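# Structural features, examined
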Amino acid sequence: MKYPIGIQDFKFLREGGFVYVDKTALVYDMVTRGKTYFLSRPRRFGKSILVSTLEYYFKGERELFKGLAIDGMEKNWEKHTVFHLDFNGLNFEKPDVLSSTLNDYLAKWENEYLVENSSDLDFGRRFCNILEQVHRQTGKSCVVLVDEYDKPLLDVMDSGLRMKDGNGNEVLIEDHNRGILKGFYSAFKAADAHLRFVLLTGVTKFSQVSVFSGFNQPKDISMDDNYEAICGISKAELLENLMQPVGELAEVYDMDTDKMVELLEEQYDGYHFSRRNMVDVFNPFSLINALADSDLKNYWASSGATSLLPKFVDDMELKLGNFDPCTILRQTIETSDVTGGGAELFLYQSGYLTIKDYQMGVYILGFPNSEVRQALYETVLPALTLRSNGDIQSTQSGMFLALQLGNLPEAMKCLKALIADVPYSNKKLASMNMEERYRLILSTIFNAIGCRVEVEKMIATGRIDMVVETTNFIYVLELKLSNNGGVDAATEQMKAKQYAEPFKADKRKVIALAIELDDMGKGLVDWKEV
């Protein structure tokens with residue numbers, strides 16, 4: 001089986017015999033229902049291949065769609081001129097990159113369709129002129145597809161980067177780019193009679209006032225239950241199209257196919273894009289890479305998916321646990337501008353959070369899967385421990401291996417190294433009491449190395465400080481400060497309240513650990529297996 005890794009061209013994919021999960025029934029539904037659309041999805045979620053599919057559909061290249069759902073639905077296959085703008089792969093932090101990019105597109109189209117070059121006009125009017133002339137030449141209205149429409153804004157948002165405008169005045173590149181895009185997108189309203197179809201895709205949503213002023217407001221299908229699986233791969237699609245490689249992956253991991261499907265769900269599934277159907281959607285980038293490599297690892301984070309975090313969330317290392325779960329009003333998540341909707345809105349739109357439930361006008365959000373959870377905690381750990389990523393990588397990996405093997409002395413040695421002096425030295429933790437500081441640091445460390453972590457877990461006999469799960473072990477932790485009885489008090493409490501008992505039915509080995517922590521914030525003092 002050939003996997004379309006890095007392939008964003010539908011024609012290349014189809015002619016090359018790469019695996020394709022058929023989304024064309026949804027494509028047909030979209031193009032026959034409406035005219036102007038906006039779709040927000042996280043990075044690496046299949047937006048570009050969707051745009052390319054639409055491009056070849058509107059070009060009338062029916063041969064590419066043989067055997068797909070749309071082949072039996074579309075009867076006419078009319079050809080339209082398609083204007084495809086792709087802002088992927090460009091660095092808009094440099095002055096005038098957006099202007100030169102738009103000018104290159106427009107000049108190319110003016111030359112290709114023999115339209116008089118009107119560089120004295122603004123970008124919007126130039127584009128409107130091109131659309132009108134091409135409509136007249138061909139007798140067919142035009143199609144406009146814009147991929148990653150928001151990248152010229154996200155690249156420079158809150159960056160403080162400045163440039164000289166045409167009058168020699170110093171302006172923020174962010175404001176400059178926003179003004180250019182407003183002018184360019186105004187063409188869509190002026191040229192409405194010359195347009196057959198418009199789709200803009202992006203990661204985040206900017207309001208009509210900030211970007212689309214003068215533009216007919218597109219229909220936002222980002223949370224439309226009809227299109228929630230238009231990007232990504234649903235479980236049903238996995239079972240229908242990809243069970244051969246799933247079986248091969250199961251053999252590598254020496255487990256049955258059903259168990260491997262469960263593992264893939266835990267690792268890469270769990271995205272929901274509407275409040276009604278709640279269809280589970282896999283991250284396609286991660287899933288396809290895992291099947292191609294026959295390996296379960298974190299692909300999404302390594303693709304640069306977490307690079308936007310600092311722009312939207314201050315002190316993320318302190319707040320991360322508050323987002324799983326968190327709540328957001330329906331009005332905010334469905335209609336607000338990303339710049340004014342708070343951290344929760346950005347984290348949802350960019351794929352760090354997903355919909356878990358909906359109740360009485362309120363969305364409940366949380367991490368979609370273990371890949372995202374680990375990636376986020378791994379991202380914030382250096383800031384929390386006041387060490388560089390390179391300084392802690394070796395200790396993290398050593399600790400993970402020790403926990404997987406049940407090697408307690410080595411695991412505690414690594415843990416001691418990671419938390420040494422941190423509660424005392426990190427001044428951002430000053431508002432927390434010492435126990436809260438330790439819980440935050442320890443849970444972040446365990447999450448960052450890929451463990452499943454539950455803090456302050458309630459059971460019938462009391463509240464366990466922390467439960468940490470690996471593939472082979474369940475660790476039940478009771479934490480005590482030195483001035484609150486230390487390791488002896490922790491041991492006595494665990495025995496008296498039988499903290500390990502609720503986990504004994506699990507096939508994994510259960511290890512109860514009493515841990516003593518320095519009350520002045522200097523780290524791990526002692527530990528004992530109970």
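Residues numbered from 1 in each chain as written. Predicted model: local features only at pLDDT ≥ 70, side-chain atom pairs only at ≥ 80, totals over all residues. Heavy atoms only, no water.

Before going further, it helps to examine the packing of helix H4 (residues 97–112) against helix H7 (residues 173–185). The angle between the axes and the distance between the axes are what describe a pair of packed helices. The N-to-C vectors of H4 and H7 enclose an angle of 25°; their axes lie 10 Å apart at closest approach. Comparing their axes, H7 and H4 come out roughly parallel. Residues Leu98, Ser99, Leu102 and Leu106 of H4 pack against His176, Asn177, Ile180, Leu181 and Phe184 of H7. Looking at side-chain class alone, the contact of H4 with H7 contains six nonpolar, three polar and no charged residues. (Axes fitted to C-alpha atoms, helices over the stretch in contact; angles between N-to-C directions. Helix = DSSP H or I, 4+ residues; strand = E, 2+ residues; numbered from the N terminus. Parallel < 35°, antiparallel > 145°, perpendicular 65-115°, else oblique. Contact = heavy atoms within 4.5 Å. Nonpolar A, V, L, I, M, F, W, Y, C, P; charged D, E, K, R; others polar.)

Let us look at the environment of Ser274. Among the secondary structure elements, Ser274 is positioned in the loop between helix H11 (257–268) and strand S9 (281–282). Ser274 has contacts with Met223, Asp224, Asp225, Glu228 and Ile355, leaving out every residue within four places of it along the chain. Looking at Ser274, its side chain comes within polar contact range of the side chain of Glu228, at 3.0 Å. (Polar contact = N/O pair within 3.5 Å; in protein donor to acceptor, adjacent residues only side chain to side chain.)

Taken in spatial order, the five strands of this open sheet run S2-S3-S6-S1-S7, and their pairing is parallel. Looking at which strands have only one partner, the edges of the open sheet turn out to be strand S2 (82–86) and strand S7 (219–220). In this structure, strand S1 (residues 36–40) lies alongside S7, joined through two bridges in parallel fashion. The partner of Phe38 across the bridge, within S7, is Asp220. Set on the sheet, helix H5 (residues 123–138) makes contact with S2, strand S3 (142–147) and strand S6 (195–202); between it and S3 the angle comes to about 140°. (Pairing = 2+ DSSP bridges.)

For the rest of this paragraph, the subject is the pairing of strand S13 (residues 452–459). Sheet topology note: the S13/strand S14 (residues 462–469) ladder contains seven bridges and is antiparallel. Looking at the pairing, Val455 lines up with Met466 of S14. Here S13 folds back onto S14, and the loop between the two strands holds two residues.

Roughly 1000 Å³ of internal volume is contained in the largest pocket. Around the largest pocket, the lining is made up of 30 residues, and of these Gln267, Phe400, Gln404, Gly450 and Thr471 lie nearest the centre. Only H11, helix H17 (370–385), helix H18 (389–405) and helix H21 (434–448) provide two or more residues apiece to the lining of the largest pocket. A breakdown of the residues in the lining of the largest pocket according to their chemical character gives eight nonpolar, twelve polar and ten charged. (1 Å grid on protein atoms, 1.4 Å probe; cavity = no way out; pocket = protein on both sides within 12 Å on 5 of 7 lines; lining within 4 Å. Points joined across faces, edges and corners; volume = space filled by probe spheres on them.)

Here we have five strands laid out as an open sheet, ordered S13-S14-S15-S16-S17, and mixed in their pairing. Of all strands in the sheet, those bounded by a partner on one side alone are S13 and strand S17 (524–529). Going across the sheet, the axis of each strand differs from the next one's by a mean of 30°, ignoring polarity. Contacts from helix H22 (residues 486–497) reach strand S15 (473–481), strand S16 (509–517) and S17, with the element oriented near 130° to S15.

Side-chain pairs of opposite charge can arise whenever the charged atoms involved come near each other. If you walk through the whole model with that rule in mind, you get 33 salt bridges. Between Asp175 and Arg178 there is a salt bridge, with its nearest N and O atoms 3.6 Å apart. Placement of the pair is Asp175 and Arg178 together in helix H7, with a separation of three residues, close to one helical turn. Relative accessible area serves as the criterion here: at 43%, Asp175 is assigned to the partly exposed category. Residue Arg178 is classed as buried on the basis of its relative accessible area, which comes to 16%. A salt bridge links Glu317 to Lys428; its shortest N-O distance comes to 3.1 Å. (Salt bridge = Lys/Arg side-chain N within 4 Å of Asp/Glu carboxyl O. Buried < 20%, exposed > 50% of the residue type's maximum accessible area, 1.4 Å probe, protein only.)

Moving on: the environment of Gly60. If you trace the backbone, Gly60 turns up in the loop between helix H3 (47–58) and S2. The spatial distance from the C-alpha of Gly60 to the C-alpha of Phe197 is 14 Å, given a sequence separation of 137 residues. Aside from chain neighbours lying at most four places away, what touches Gly60 is Trp77, Glu78 and Lys79.

Function cannot be read off these values alone, since they describe shape.
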